[in-house]
Amino acid sequence: MLQSAAENDASRDATVNVLQELLDAGGNRLRRLRRLPGFGAKTLGLIVGLASIGWISTGIYKVQPDEQGVVLHFGKWVDTTEPGLHFHLPVPIETVLLPRVTQVNQLQLGDPTASYLGKAMLTGDENIVEADCAVFWQIKDAGQYLFKVDDPKAAVKIAAESALREVIGRNPIQAALSDRRQQIADQTKELAQSLLDAESAGILITQVQLQRVDPPVAVIDAFNDVQRARADQERARNEAEAYSNDILPRARGEAEHIVQEAEAYKAKAVNLAAGEAKSFSSIYESYKRAEDVTAWRLYLETVDEVLKKASKVIVDSSGKGVSSVVPYMPLSQTPPQPEPHHPDRDDR
């Protein structure tokens, strides 16, 4: 704070000295002009007035929409103004710079012409890759951009390269080569911006595009073989998963079908057994009430069931072992019909 106050006092003193010198020089010139014939007080006043208006008008300036105004007080940056009409102390006390802040600049990292940029980077799983990226940036604060950083372009290069190396060092090589490229680019942008903001560079990084990420040329063939093997492995895994997704639902469906059939057979068998048990219980109850009648009925029903399946029946009616064969004709069969009688044929 003491140093800032001392600087302001020195600036005021310098301003007073310059104004005093300008007034002295103007007074000397006016005294010489007054000695000229026909030069009066009115003419002198008019000249002084016009000169004053012209001098004061040098402090009016306009900032365009794509610019920022950087006001310099005897060459020292004292203020930054936004687009519109503004006023500063007349020249030469204060002047203004109008840099364009909306223009987007592009910077290529990995350019072989940049002697201080190395391309090889170490990944998180201790592999080596060569990475190139494009950085797009613009001016965020014109005053900081002009007076806080000696070489803004070099600052952007160093910050972006440092950020890219750090981000790639956090990730495995597979992430940098395939599935997380955009995430790496976004993280690089955020980290590089934080580095520039820490140095008050007045620069805004708008985008980082990760372009080429390859293993070193000396091992690229072996690396490609590894990548192809991994691709084959991934393809085999996908095929196995596809086969699994196809066969398992069908197997589950067949198993469910078998289970349902078994359940149906179980229900049928249980119901039949329950029906037979119930019938047997009913017969048993009848047998307890009338044993002879029930036994004779069961005998007849059994004989009837047996005879239905026989084409011939041997019946021993005498009880002496003499048997006679009696044909059994099912009711479903029609007995043979006798031939019709023809009188004419008998007469002959």
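Everything below is about the structure shown above.
The sections below set out a description of the structure shown in this document. Predicted model, so just to flag it, every value in this text is computed and none were measured. (Residues numbered from 1 in each chain as written. Predicted model: local features only at pLDDT ≥ 70, side-chain atom pairs only at ≥ 80, totals over all residues. Heavy atoms only, no water.)

## Section: a nonpolar patch on the surface
Link 1 in the chain: Taken together, the side chains of Trp55, Ile56, Ile60, Leu85 and Phe87 define a hydrophobic patch exposed on the protein surface, amounting to about 540 Å² of accessible area.
Link 2 in the chain: When residues of the nonpolar patch are traced back to their parent elements, those giving at least two are α2 (41-57) and β4 (84-87).
Link 3 in the chain: Within the secondary structure layout, tryptophan 55 lies in helix α2. (Patch = residues over 30% accessible without salt bridge, like charges linked within 9 Å, V, L, I, M, F, W, Y side chains within 5 Å. Areas by Shrake-Rupley, 256 points an atom, 1.4 Å probe, with all protein chains shown as cover. Salt bridge = Lys/Arg side-chain N within 4 Å of Asp/Glu carboxyl O. Helix = DSSP H or I, 4+ residues; strand = E, 2+ residues; numbered from the N terminus.)

## Here's the deal with the packing of aromatic side chains
Link 1 in the chain: On inspection of all chains with the given rule, the structure shows 3 aromatic pairs.
Link 2 in the chain: With a centroid separation of 6.2 Å and an interplanar angle of 5°, the aromatic rings of tryptophan 77 and phenylalanine 147 are classed as stacked. Pair noted here: tryptophan 77 is in strand β3 (residues 76-81) and phenylalanine 147 is in helix α3 (residues 142-147), with a separation of 70 residues, a long-range link.
Link 3 in the chain: Note on tryptophan 77: relative accessible area 26%, which makes it partly exposed.
Link 4 in the chain: Judged by its relative accessible area of 38%, phenylalanine 147 falls in the partly exposed class. (Phe/Tyr/Trp six-rings, centres within 6.5 Å; stacked < 30°, edge-to-face > 60°. Buried < 20%, exposed > 50% of the residue type's maximum accessible area, 1.4 Å probe, protein only.)

## Things to note about unusual backbone geometry
Phi is mostly negative for residues that are not glycine, and the peptide bonds are mostly trans.
Link 1 in the chain: The phi torsion at serine 200 lies on the positive side, around 50°, for a residue other than glycine.
Link 2 in the chain: Mapped onto the elements of the fold, serine 200 is located in the loop between α6 (181-198) and β9 (203-214).
Link 3 in the chain: Judged by its relative accessible area of 28%, serine 200 falls in the partly exposed class.

## A short note on the nonpolar core
Link 1 in the chain: Ranked by internal contacts, the top residues of the largest apolar core, which has 37 residues, are Val135 and Leu164.
Link 2 in the chain: Put simply, the parts of the chain that give this core at least two residues each are β2 (69-73), β6 (105-109), β8 (128-139), α3, α4 (152-170), α5 (173-179), α6 and β9.
Link 3 in the chain: Apart from residues no more than four positions distant in its own chain, valine 135 is found in contact with Asn105, Gln106, Leu107, Leu109, Val156, Ala160, Ile205, Gln207 and Val208. (Core = buried A, V, L, I, M, F, W, Y, C linked by side-chain atoms within 4.5 Å. Contact = heavy atoms within 4.5 Å.)

## Some points on the sheet that holds β3
Link 1 in the chain: Taken together, the 3 strands give an open sheet; going across it, the order is β3-β2-β5, and neighbouring strands pair in antiparallel fashion. At either margin of the open sheet sits one strand with a lone partner, and together these are β3 and β5 (94-97). Taken pair by pair, the neighbouring strands of this sheet meet at an average axis angle of 30°, ignoring direction.
Link 2 in the chain: Bridge analysis of β2 against β5 gives 4 bridges, and the strand direction is antiparallel. (Pairing = 2+ DSSP bridges. Axes fitted to C-alpha atoms, helices over the stretch in contact; angles between N-to-C directions.)

## Comments concerning the side chain of glutamine 193
Link 1 in the chain: For glutamine 193, the position within the fold is in helix α6.
Link 2 in the chain: In this structure glutamine 193 comes out as buried when scored by relative accessible area, which is 11%.
Link 3 in the chain: A distance of 2.7 Å separates a polar atom in the side chain of glutamine 193 from the backbone nitrogen of isoleucine 205.
Link 4 in the chain: Beyond its immediate sequence surroundings of up to four residues, glutamine 193 is in contact with Lys140, Ile203, Leu204 and Ile205. (Polar contact = N/O pair within 3.5 Å; in protein donor to acceptor, adjacent residues only side chain to side chain.)

These figures capture arrangement, not role.
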